Amino acid sequence: MTLRHIRIFVSVYQKNSITKAAQELHLAQPSVSLAIRELEDYYGIRLFDRIGRHISPTDCGMQFYEYAVHIAALFDEMEKKMRNWDTLGTLRVGASITIGTHILPVLIRTYQERFPELTIEVQVNKSASIEAALIHSEIDLGLIETRPSHPDLCAIPFMKDSMCAIVAPGHSLTQKKVASLSELTQFPFLMREKGSAGRELLDAAFSLQQLTVLPRWESTSTQALVKAVAEGLGVAILPYLLVKKDIEEGTVCQVPLTQPITRDLNIIYHKSKFLTENMQSFIQHCKKYGKSGI
């Protein structure tokens, strides 16, 4: 079993096709098929089920991929590091949309000031996509608003954020010092889409208090919800990071909650990932930002 076998397996797994993997690797199709059979014979397992002309990974194949993709990535990282010892290399960072919009730009700017020769590549996407990118070794570190769902991902909290209730200026709730979730549900509710980190946290809070809420509006756009709230179409509970500017500008008003809803923002990485000096330094940089702001 060689690194060549691993590279071929990773390509077949990602392309879900021997033909496409052969094209990507510039190999003959029989050579790719032979490499997969040699792997299966070596370990005495079946990596793919073959149904007609289609293949799909077995449970063993999925487990093998978790190791193989990181072995290949680590080898590539070693090659690049050794061949470019005079440079600091590249740091690949992924972030959820909220963090990528409101926190990551400052983090990257201040970190880049410390390490101007370091190349930092950034990917901003939904938390689930950032987790998938880590699993496939497409990024080195991720910053998301939830705990990772995949068991092979480790999480380090680096700062806290809170959920913030907002209403239109002049709304009756602005006369109250605090409001409960139950009181807020008496008004039309505007919410983020199901699956978003903020929506999951809010749904959990409603469930704990045995409250049922049917949103009047659902949107993937926070600004769409903020504008709707500002027009008096309902109330919303959104991450404070996303509505801080609108509150400060008076577009909407904050209503403090009787039971604050807080959450940890997390740095995540694959448990098999070798954390380079740059990665460890960036983790510490994020923690420092979380404690004091930069």
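Below or above, wherever it landed, is the structure these notes cover. Bear in mind the structure is a predicted one, so any value in this text is a computation, not a measurement. (Residues numbered from 1 in each chain as written. Predicted model: local features only at pLDDT ≥ 70, side-chain atom pairs only at ≥ 80, totals over all residues. Heavy atoms only, no water.)

The alternating pattern of strand β7 (residues 189-192) places F189 and M191 and L190 and R192 on opposite faces, both of which are buried. Direction of pairing for β7 relative to strand β9 (residues 235-239): parallel, over a ladder of two bridges. The partner of L190 across the bridge, within β9, is A236. Where β7 and strand β8 (residues 217-219) come together, three bridges link them in parallel fashion. Residue pairing across strands places M191 opposite E218, the latter belonging to β8. Handedness of the crossover is the feature at issue here: the chain leaves β7, passes through helix α9 (residues 197-208), returns alongside β8, and the resulting connection is right-handed. (Buried < 20%, exposed > 50% of the residue type's maximum accessible area, 1.4 Å probe, protein only. Helix = DSSP H or I, 4+ residues; strand = E, 2+ residues; numbered from the N terminus. Pairing = 2+ DSSP bridges. Right-handed = clockwise from strand over helix to strand, strands pointing away.)

Mapped onto the fold, T222 is located in helix α10 (residues 222-230). Of the residues examined, T222 reaches a relative accessible area of 11% and is grouped as buried. There is a polar contact of 3.1 Å between the side chain of T222 and the side chain of R192. The residues contacting T222, other than those within four sequence positions of it, are R192, L238 and L242. (Polar contact = N/O pair within 3.5 Å; in protein donor to acceptor, adjacent residues only side chain to side chain. Contact = heavy atoms within 4.5 Å.)

This brings us to the packing of helix α2 (residues 18-25) against helix α3 (residues 29-43). Two elements in contact, α2 and α3, have axes whose closest approach is 9 Å; the angle formed by their N-to-C orientations is 110 degrees. Considered as vectors, α2 and α3 are oriented roughly perpendicular to each other. α2 and α3 meet at a crossing whose hand is right-handed. For the pair α2 and α3, the contacting residues are I18, T19 and A22 in the first and Q29, V32 and S33 in the second. Class assignment for the residues of the contact of α2 with α3 results in three nonpolar, three polar and no charged. (Axes fitted to C-alpha atoms, helices over the stretch in contact; angles between N-to-C directions. Parallel < 35°, antiparallel > 145°, perpendicular 65-115°, else oblique. Left-handed = near helix turned anticlockwise from the far one by under 90°. Nonpolar A, V, L, I, M, F, W, Y, C, P; charged D, E, K, R; others polar.)

All right, on to the packing of helix α1 (residues 3-15) against α2 then. Between α1 and α2, the least distance of the axes is 8 Å, while the angle of their chain directions is 125 degrees. What the angle tells us is that α1 and α2 run oblique. Note that α1 runs across α2; the crossing there is right-handed. Between α1 and α2, the contacting residues are R7, I8, S11, V12 and K15 on the first element and I18, K20, A21, E24 and L25 on the second. Of the residues in the contact of α1 with α2, the class split is five nonpolar, one polar and four charged.

With that settled, the discussion passes to the pattern of salt bridges. Close approach of charged atoms allows side chains with opposite charge to pair. The final tally for this structure, using the stated rule, is 15 salt bridges. Of the charged contacts, one joins R109 and E113 as a salt bridge, the two residues approaching to 3.0 Å between their closest N and O atoms. With R109 and E113 both in helix α6 (residues 104-114) and four residues apart, this pair spans about one turn of that helix. Judged by relative accessible area, R109 falls into the partly exposed class, the value being 45%. With a relative accessible area of 54%, E113 lands in the exposed category. K273 is the salt-bridge partner of D140, the closest N and O atoms lying 3.1 Å from each other. Placement of the pair is D140 in the loop between α7 (127-135) and β5 (141-144) and K273 in the loop between β11 (262-270) and α12 (277-292), with a sequence separation of 133 residues. Given a relative accessible area of 3%, D140 falls into the buried group. Classification of K273 as buried rests on a relative accessible area of 13%. Here the residues in one salt-bridge network are K194, R199, D203 and E218, joined through shared partners. (Salt bridge = Lys/Arg side-chain N within 4 Å of Asp/Glu carboxyl O.)

Such coordinate-based values are descriptive only and should not be taken to indicate function.
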